[in-house]
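Topology and contacts: notes
Listed here are the chains, written in short residue letters.
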Amino acid sequence: MAATAASAAPAPAVFEATLRSLTVWDSPLPSFDPADAPAAPLPLFRAWFVEAARAGQAEPHAVHLATVDPEGRPDVRTVVLHGADEHGWHFASHSTSAKGRQLAARPQAALGFYWPVQGRQVRVRGHVSTGTPQEAYEDLHVRSTGALAAALVGRQSEPLPSPAVLAEASEAAWERARAEPGAHAPTWTRYRVEPYEVEFFQGDARRRHVRLRYSRNGAGGWATELLWP
């Protein structure tokens, strides 16, 4: 298996040539005047999110979630945004997963959205809190049967003995999800990142990128400042 994989790998020169041939933002980009930005980041995020979806961005709700493990080493993965409101940016996972354990020990996280179809990024940093068990139940049951089945499998981030073990557990979970649509995964948890900093990045073809950062101020509102690209 290893020999087959190695023989199929491209030569280093092919990799380097491919890497250097790639372009960034090969379509017209929207403009962004920070003078027109709202006083708080949430309305701007919602506007950019809708614009990205309407522009054809694939999976605009996919977001990189960064946490820190007990040794202080950074960790990152991609999750799905479940909401964004006055309380924060929401996602969900098992509390027993790697991210769940890391957030329980250090409830701070960063989110990173990237919408290349419009050359835009949004970065969110904040404190993480958990929702109620009822919120977790409602979150899980507005999703698909497949999502429920995956949650019922559980054991996220644990070592897997073999693909056959996963197939057996997955099949059993699918059968239960179909037979018991109200079934719940006890460790399923809804999380929210309560932001103290949100940055909006608008790419520019001439590399005069616009970066606008919102930061919480002492009065509970937001202060804004521009950053060098």
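See above for the structure.
In what follows, the accompanying structure is described.

1. Quick word on helix 4 (residues 98-105)
- All of the buried residues along helix 4 are Ala98, Lys99, Gly100, Gln102 and Leu103.
- Check the buried side of helix 4 and you find it contacts strand 1 (62-68), strand 2 (74-80), strand 4 (88-94), strand 5 (108-115), strand 6 (120-130) and strand 7 (188-202).

2. Considering the pairing of strand 7
- The buried fraction of strand 7 is high, at twelve of 15 residues.
- Pairing between strand 4 and strand 7: six bridges, direction antiparallel. By the bridge assignment for strand 7, Trp89 is matched with Val193.
- Across eleven bridges, the pairing between strand 6 and strand 7 is antiparallel. Paired with Gly126 across the strands is Pro195, a residue of strand 7.

3. Some words on the packing of aromatic side chains
- Taken as a whole and assessed by the stated rule, the structure comprises twelve aromatic pairs.
- Plain terms: the ring middles of Phe49 and Trp115 are 6.1 Å apart, the flat faces sit at 80° to each other, and that makes the pair edge-to-face. On the criterion of sequence distance, the pair formed by Phe49 in helix 3 (residues 41-54) and Trp115 in strand 5 is long-range, its members being 66 residues apart.
- Residue classification places Phe49 among the partly exposed positions, given a relative accessible area of 24%.
- When the ring of Tyr214 is compared with that of Trp222, the centres are 6.4 Å apart and the planes differ by 85°; the resulting orientation is edge-to-face.
- Under the relative-accessibility criterion, Tyr214 is labelled buried at 0%.
- Every member of this aromatic cluster is reached through a ring pair, and the members are Phe32, Trp48, Phe200, Tyr214 and Trp222.
- Cation over ring: Arg120 sits above Trp48, and NZ or CZ is 4.1 Å from the ring centre.

4. Thoughts on the pairing of strand 5
- Sheet topology note: the strand 1/strand 5 ladder contains three bridges and is antiparallel. Note that in strand 5 the partner of Ala66 across the bridge is Ala110.
- Judged from the eight bridges that link them, strand 5 and strand 6 form a sheet pairing that is antiparallel. Bridged to Trp115 within strand 6 is Arg120.
- Between strand 5 and strand 6, which pair antiparallel one after the other, the connecting turn spans four residues, and Gly119 there sits at a positive phi close to 65°.

5. Topic: the nonpolar core
- The biggest cluster of nonpolar side chains holds 28 residues, and the ones touching the most others in it are Phe45, Trp89, Leu111, Phe113, Val122 and Phe200.
- Of all elements in the fold, only helix 3, strand 1, strand 4, strand 5, strand 6, strand 7 and strand 8 (210-216) reach the threshold of two or more residues within this core.
- Considering each element in turn, this core owes the most residues, five residues, to helix 3.
- If we ignore the near neighbours within four places in the chain, the residues touching Val122 are Phe45, Trp48, Leu111, Gly112, Phe113, Trp115, Val198, Glu199 and Phe200.
- Leu140, Leu148, Ala177 and Ala185 belong to the second largest nonpolar core, which has twelve residues in total.

Rules used throughout
Residues numbered from 1 in each chain as written. Predicted model: local features only at pLDDT ≥ 70, side-chain atom pairs only at ≥ 80, totals over all residues. Heavy atoms only, no water. Buried < 20%, exposed > 50% of the residue type's maximum accessible area, 1.4 Å probe, protein only. Helix = DSSP H or I, 4+ residues; strand = E, 2+ residues; numbered from the N terminus. Contact = heavy atoms within 4.5 Å. Pairing = 2+ DSSP bridges. Phe/Tyr/Trp six-rings, centres within 6.5 Å; stacked < 30°, edge-to-face > 60°. Lys NZ or Arg CZ within 6 Å of the ring centre and 35° of its normal. Core = buried A, V, L, I, M, F, W, Y, C linked by side-chain atoms within 4.5 Å.

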